[in-house]
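Listed below are the residues making up each chain.
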Amino acid sequence: QVQLVESGGGLVQAGGSLRLSCAASGSTFEIDTMGWYRQVPGKQRELVATVRGGGNPTYGDSVKGRFTISRDNAQNTVYLQMDSVKPEDTAVYYCYADVFEPLGLGHQYDLWGQGTQVTVSS
């Protein structure tokens with residue numbers, strides 16, 4: 001079974017930085033897109049950033065110029081470097097992966113981590 005485990009969340013002051021990590025583990029699998037989404041109470045889950053294995057990052061409008069997504073394909077790990085954070089960035093951040101397991105006819109599905117809390121204080 002493939003699993004995603006996030007780490008790096010916590011409390012940070014406005015204007016500061018935080019780095020989130022998400023590692024995928026399992027036996028035999030392939031991942032194309034990995035990324036981050038976030039959610040706050042009363043709002044829909046929103047895109048933070050995604051990136052394909054070959055690059056081509058995509059960012060949500062609210063984080064452009066402040067956050068940077070990167071990944072280590074060999075380690076199946078995706079990172080989110082959060083700079084110049086704002087109180088509005090406070091949310092639960094969820095790691096995402098587009099997973100393909102080449103078993104039988106093959107199985108492709110969306111996989112989500114458990115989420116990590118990021119709180120930005122004024």
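Note on numbering: residues in each chain are counted from 1, in written sequence order. It should be noted that, the model being predicted, local features are given only for residues of pLDDT at least 70 and side-chain atom pairs only at 80 or more, the latter also being counted only at that level, while totals for whole chains, interfaces and linings use all residues. No hydrogens and no water enter the side-chain calculation; it runs on all heavy atoms of the structure.

A positive phi angle is found at N56, which is not glycine, with a value near 60 degrees. Residue position: N56 is located in strand β6 (residues 55-59). Burial here depends on accessible area, computed with a 1.4 Å probe over protein chains only, as a share of the maximum for the residue type. Under 20% is buried, over 50% is exposed, and the range in between is partly exposed. Judged by its relative accessible area of 58%, N56 is exposed. Starting at the N terminus, helices and strands are each numbered in turn, a helix being any DSSP run of H or I of at least four residues and a strand any DSSP run of E of at least two.

Take the side chain of R38 next. Relative to the elements of secondary structure, R38 occurs in strand β4 (residues 30-39). Among the polar contacts listed, one links the side chain of R38 to the side chain of E46, at a separation of 2.6 Å. Separated by 3.0 Å, the side chains of R38 and S62 make a polar contact. Any two residues having at least one pair of non-hydrogen atoms within 4.5 Å are treated as being in contact. In this structure R38 touches Q44, R45, E46, V48, S62, V63, F67, E88, D89, A91, V92 and Y93, once residues within four positions along its chain are discounted. N or O atoms closer than or at 3.5 Å make up a polar contact, with two conditions inside protein: a donor-capable atom paired with an acceptor-capable one, and, for residues adjacent in sequence, both atoms drawn from side chains.

A side chain with one charge can pair with a side chain of the opposite charge if their charged atoms come near. Each salt bridge in this description consists of a side-chain nitrogen of Lys or Arg and a carboxyl oxygen of Asp or Glu lying within 4 Å of one another. If you walk through the whole model with that rule in mind, you get 5 salt bridges. Among the ionic pairs, R38 bridges to E46, the shortest N-O distance being 2.6 Å. The class for E46 is partly exposed, based on a relative accessible area of 34%. The salt bridge involving R66 is made with D89; its shortest N-O contact spans 2.7 Å. In this pair, R66 sits in the loop between β6 and β7 (67-72) while D89 sits in the loop between β8 (77-82) and β9 (91-101), placing the two residues 23 residues apart along the sequence. The same class applies to R66 and to D89, which are both buried. In this structure, a network of salt bridges that share partners links the residues R38, E46, R66 and D89.

Counting 30 residues, the largest nonpolar core has W36, L80, M82 and Y93 as its most contacted members. Listing elements by their share of this core, those giving two or more residues are β3 (18-25), β4, β5 (46-52), β7, β8, β9, β10 (107-112) and β11 (116-121). With 5 residues, β9 is the largest single contributor of residues to this core. Nonpolar core, defined: a set of buried Ala, Val, Leu, Ile, Met, Phe, Trp, Tyr and Cys residues in which side-chain atoms within 4.5 Å join the residues together.

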